[in-house]
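# What the coordinates show
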Amino acid sequence: MNDTDTVGDILMCEQVSELIKEGHHHLKTRNFAEALQIFNKVLVLEPGNISILMGIAETNRLQKEFTSAVCYYRQVLDLEPDHLLALRGLGDAQRGLHQFENAIATWKKIFELKGEEDVFILTRIADCYKALEKSEDSIVYYEKTLSLKKHNRYALIGLADLYHKRGDDALAVEYYEKALASGVTLIKILTIVGNLYYRLGNYEKARFYYEKTLEQDPDNTYALYGLGNYYRWKSDYRRAIQVWERITVKHSGTVNMMARLGDAYRNVGQYDAAERAYKANLADGYHKYSLAGLIKLYALQGRITEACHQYDELLMNEQGEEKNIFSEVGELLIKRKESGPARQFFLHVQDRQSHSPAVCRIIEERLRLLYNS
């Protein structure tokens, strides 16, 4: 080899080095097309260059081209089995392909090399176990994360989501609140915590979270629905109506909400509005609670024939037997001292449910009390 060849080789190495730097700069600034163009160009010159292979692998992974990314990470690991960044990236790509078991195995190789002190890898493994529905393993790795960094928001949210999914509402609330205290600002979590507190029977705490959500997002339908339920629990039906009507400005409202809106209107004596709400639901198909609300409404209005007709519709959809609504309607009429309409309704139900001894016994007892009153 002469001096000219040596100088040429040096210049070539410098050019390749500069191109690799340029490629990684484009990768860092997320100019992926430019990065790939450069990396592929220099790979022809240096096919075993780990920096180039890593550049292509990372570029593919960030573009969610996970299959290609796996291929290039494996080429790096064939050359350097203990390459930590390649192991980390390979696990991420495998996770992207939903190969969760493979991703876990890859990341655990990192722990064999440097110990279990990487909170990012710990939370990734926990997430994968959660995706595999191996909740106990997932909890172990989230807790390992928190033992290293007690305010890690990913581990806190991960545990909260796990406990929420398992139906352990108290623990879910505990970890969601820790996540919020650590700086998590997701509005979705505020509404989840509100709903969990409501399920736990802590209605005032639920109201706090619904209102906190609405401070940031005044039109949040989940928080509006929850806050309306709070006022319904308080029997403050007018406030419930005000809140739920805010939803209907932009959305049609869920069938359950519209049924409850109808109930609220009925409870404050706005019967026309109640009927509109119930019928808006029933126009789209059968809904038990909307039909039940309409039956009660007609009974309150003295429209017993219509109430009986709607009750027949209810029975047709409930396979011919129903044990609660007829009793509620009867009690409603008895409280209003409308014994005649109450008898008319009970006799109609008795005729329609003559096949049910339990229902007939209840009605016979109610009728005996009415006749003796």
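Summary of the structure given here. (Residues numbered from 1 in each chain as written. Predicted model: local features only at pLDDT ≥ 70, side-chain atom pairs only at ≥ 80, totals over all residues. Heavy atoms only, no water.)

For the protein, the helix and strand inventory stands at 21 helices and zero strands. For 373 residues, the compact-globule formula gives about 21 Å, and the C-alpha radius of gyration of the protein, at 33 Å, lies well above that figure. Projected onto its principal axes, the C-alpha coordinates of the protein cover approximately 120 × 40 × 40 Å. Counting only residues that meet the buried cut, the protein has 43% of its 373 residues in that class. Taken as a whole, the protein presents about 19,900 Å² of accessible surface, with 50% of it coming from carbon and sulfur. (Helix = DSSP H or I, 4+ residues; strand = E, 2+ residues; numbered from the N terminus. Rg over C-alpha atoms; globule rule 2.2 N^0.38 Å. Buried < 20%, exposed > 50% of the residue type's maximum accessible area, 1.4 Å probe, protein only. Areas by Shrake-Rupley, 256 points an atom, 1.4 Å probe, with all protein chains shown as cover.)

A word on the nonpolar core. If you look at the biggest cluster of nonpolar residues, it comprises 110 residues, and the most contacted ones within it are Tyr 73, Ile 125, Tyr 176, Ile 295, Tyr 311, Phe 326 and Phe 345. Sequence-distant contacts of Tyr 176, defined by excluding residues within four places in its chain, comprise Ala 160, Asp 161, His 164, Ile 189, Ile 192, Val 193 and Leu 196. (Core = buried A, V, L, I, M, F, W, Y, C linked by side-chain atoms within 4.5 Å. Contact = heavy atoms within 4.5 Å.)

For the structure shown, the criterion picks out 27 salt bridges. Here the residues in one salt-bridge network are Glu 58, Arg 61, Asp 92, Arg 95 and Arg 124, joined through shared partners. (Salt bridge = Lys/Arg side-chain N within 4 Å of Asp/Glu carboxyl O.)

We now examine helix H12 (residues 203-216). Taking 1.5 Å as the rise per residue, H12 with 14 residues should run 20 Å; its terminal C-alpha atoms sit 20 Å apart, in good agreement. Of the positions making up H12, those classed as buried are Ala 206, Tyr 209, Tyr 210, Thr 213 and Leu 214. Within H12, the buried residues cover an arc of 140° as seen down the axis, which keeps them to one side. Buried residues in H12 make contact with helix H10 (169-181), helix H11 (187-199) and helix H13 (221-233). (Expected span 1.5 Å × (residues − 1). Arc of directions from axis to C-beta.)

Turning next to the packing of helix H7 (residues 119-131) against helix H8 (residues 135-148). Look at H7 against H8: their axes get within 7 Å of each other, and the N-to-C directions meet at 160°. With respect to each other, H7 and H8 are oriented roughly antiparallel. Crossing angle aside, the handedness with which H7 passes H8 is left-handed. Listed contacts from H8 to Val 119, Leu 122, Thr 123, Ile 125, Ala 126, Asp 127, Tyr 129 and Lys 130 of H7 are Asp 137, Ser 138, Tyr 141, Tyr 142, Lys 144, Thr 145 and Leu 148. Within the contact of H7 with H8, the residues separate by chemical class into eight nonpolar, three polar and four charged. (Axes fitted to C-alpha atoms, helices over the stretch in contact; angles between N-to-C directions. Parallel < 35°, antiparallel > 145°, perpendicular 65-115°, else oblique. Left-handed = near helix turned anticlockwise from the far one by under 90°. Nonpolar A, V, L, I, M, F, W, Y, C, P; charged D, E, K, R; others polar.)

Moving on, we come to the packing of aromatic side chains. Taken as a whole and judged by the stated rule, the model has 10 aromatic pairs. Geometrically, the ring pair formed by Tyr 203 and Trp 233 is tilted, given 4.3 Å between the ring centres and 35° between the ring planes. Here the residue Tyr 203 occupies a position in helix H12, and Trp 233 occupies one in helix H13, the gap between them amounting to 30 residues. According to the relative accessible area criterion, Trp 233 is partly exposed, its value standing at 40%. (Phe/Tyr/Trp six-rings, centres within 6.5 Å; stacked < 30°, edge-to-face > 60°.)

A few words on the environment of Lys 178. Residue placement: Lys 178 occurs in helix H10. A sequence separation of 43 residues divides Lys 178 from Thr 221, and the C-alpha atoms of the two residues are 25 Å apart.

Structurally, the position occupied by Thr 191 is in helix H11. It is 20 Å that separates the C-alpha atoms of Thr 191 and Ser 252, two residues lying 61 residues apart in sequence. In contact with Thr 191, other than residues within four places in its own chain, are Tyr 210, Thr 213, Asn 220, Tyr 222 and Ala 223.

Turning next to the side chain of Asn 281. By the element assignment, Asn 281 lies in helix H16 (residues 271-282). On the accessibility criterion, Asn 281 (5% relative accessible area) is buried. Excluding anything up to four places from it in sequence, Asn 281 contacts Thr 254, Val 255, Met 258, Ala 259, His 287 and Ser 290.

The next thing to look at is the environment of Ile 125. Looking at the element boundaries, Ile 125 is found in helix H7. In sequence terms Ile 125 and Phe 100 are 25 residues apart; their C-alpha atoms lie 8.5 Å from each other.

The subject of this paragraph is the state of the cysteines. Every disulfide links exactly two cysteines, by a covalent bond between their sulfur atoms. The full count for this structure, using the stated rule, is zero disulfides. Cys 360 forms no disulfide, and the closest cysteine sulfur to it belongs to Cys 308, at a distance of 15 Å. On the basis of relative accessibility, which here comes to 11%, the residue Cys 360 falls in the buried class. (Disulfide = S-S within 2.5 Å.)

One way to put it is that H13 packs onto helix H15 (residues 255-267) with a least axis distance of 12 Å and a crossing angle of 35°. Crossing angle aside, the handedness with which H13 passes H15 is left-handed. Judged by residue contacts, Tyr 225, Asn 229 and Arg 232 of H13 engage Asn 256, Met 257 and Arg 260 from H15. Grouping the constituent residues of the contact of H13 with H15 by class yields two nonpolar, two polar and two charged.

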